[in-house]
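# Understanding the architecture of this molecule
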Amino acid sequence: KAGVTQTPRYLIKTRGQQVTLSCSPISGHRSVSWYQQTPGQGLQFLFEYFSETQRNKGNFPGRFSGRQFSNSRSEMNVSTLELGDSALYLCASSFYRNTEAFFGQGTRLTVV
Amino acid sequence: QQQVKQSPQSLIVQKGGISIINCAYENTAFDYFPWYQQFPGKGPALLIAIRPDVSEKKEGRFTISFNKSAKQFSLHIMDSQPGDSATYFCAASIGDDKIIFGKGTRLHILP
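Remember, it's a predicted structure, so these values are computed and weren't measured experimentally.

### Let's talk about the overall build of chain A
Within chain A one finds zero helices and eleven strands. Ordered by position from N to C terminus, the α and β elements of chain A give β-β-β-β-β-β-β-β-β-β-β. Taking 112 residues into account, the globule formula puts the C-alpha radius of gyration at 13 Å, and chain A, at 13 Å, falls close to it. When the backbone C-alpha atoms are referred to their principal axes, chain A occupies close to 35 × 25 × 25 Å. Looking at chain A residue by residue over its 112 residues, the buried ones come to 51%. The contacts of chain A with a sequence gap of at least 6 include a subset with a gap of at least 24, amounting to 54%. For chain A, the accessible area works out to roughly 5300 Å², and carbon and sulfur atoms hold 47% of it. Side chains of chain A give 12 positive and 6 negative charges; the mean places of these two sets differ by 2 Å.

Dropping the structure here:
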């Protein structure tokens, strides 16, 4: 069974640009959550989608947004990138909400 | 109140020794306490999890001890091996709500 797939693995963007990251969950999983991981702040929750609806949102500015498609694939978008957005962005999928979460390898975003 | 405080930040243990990582929480409504293991370049992977109606759970060399009254839980790695060198995260959640992670412990096992 294929794991959680995140694309791209690495990304370099310039301040002010926008970026879209993609996450394909494990087949059959309906819940997708996004996290930002930085050395100083650890893993911080961005948002969770279940059945194409955002169910939970963390304390991030509106520049961070996401969506989920009918096949459970999810995308997150960051607009007007700032240097502080440089981080590893992780996606986790689970069969149902609050069941075991499986993480992808992440997308390493560098903003210059 | 939504925080999970994890200590130590880093830990060095001799091969064969016991590694102990501690976490504390404030919110007594938390009802699920997982531990995740992360190797460099990989996403976190669920290691072991416990619910508050159980005081201890063991899976192989990994044991979670849970003290509900003290609002603390800990991970013990027995007979620590170099392959256990990784970053460990404790976490907590309530029902369907988001998982809150500790800041992580970087564990290094000396060969």
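Don't stop here, the text continues.
### As for unusual backbone geometry
A cis geometry characterises the amide bond from threonine 7 of chain A onward to proline 8 of chain A, with omega recorded as -10°. Mapped onto the fold, proline 8 of chain A is located in the loop between strand S1 (5-7) and strand S2 (10-13). With an omega of -5°, the peptide bond between serine 7 of chain B and proline 8 of chain B qualifies as cis. Mapped onto the elements of the fold, proline 8 of chain B is located in the loop between strand S1 (4-7) and strand S2 (10-14).

Cut-offs used in this document
- Residues numbered from 1 in each chain as written.
- Chains lettered and ligands numbered in written order.
- Predicted model: local features only at pLDDT ≥ 70, side-chain atom pairs only at ≥ 80, totals over all residues.
- Heavy atoms only, no water.
- Helix = DSSP H or I, 4+ residues; strand = E, 2+ residues; numbered from the N terminus.
- Rg over C-alpha atoms; globule rule 2.2 N^0.38 Å.
- Buried < 20%, exposed > 50% of the residue type's maximum accessible area, 1.4 Å probe, protein only.
- Contact = heavy atoms within 4.5 Å.
- Areas by Shrake-Rupley, 256 points an atom, 1.4 Å probe, with all protein chains shown as cover.
- Lys, Arg positive; Asp, Glu negative; His and termini not counted.
- Charge placed at Lys NZ, Arg CZ, Asp CG, Glu CD.

By themselves these figures say nothing about function.
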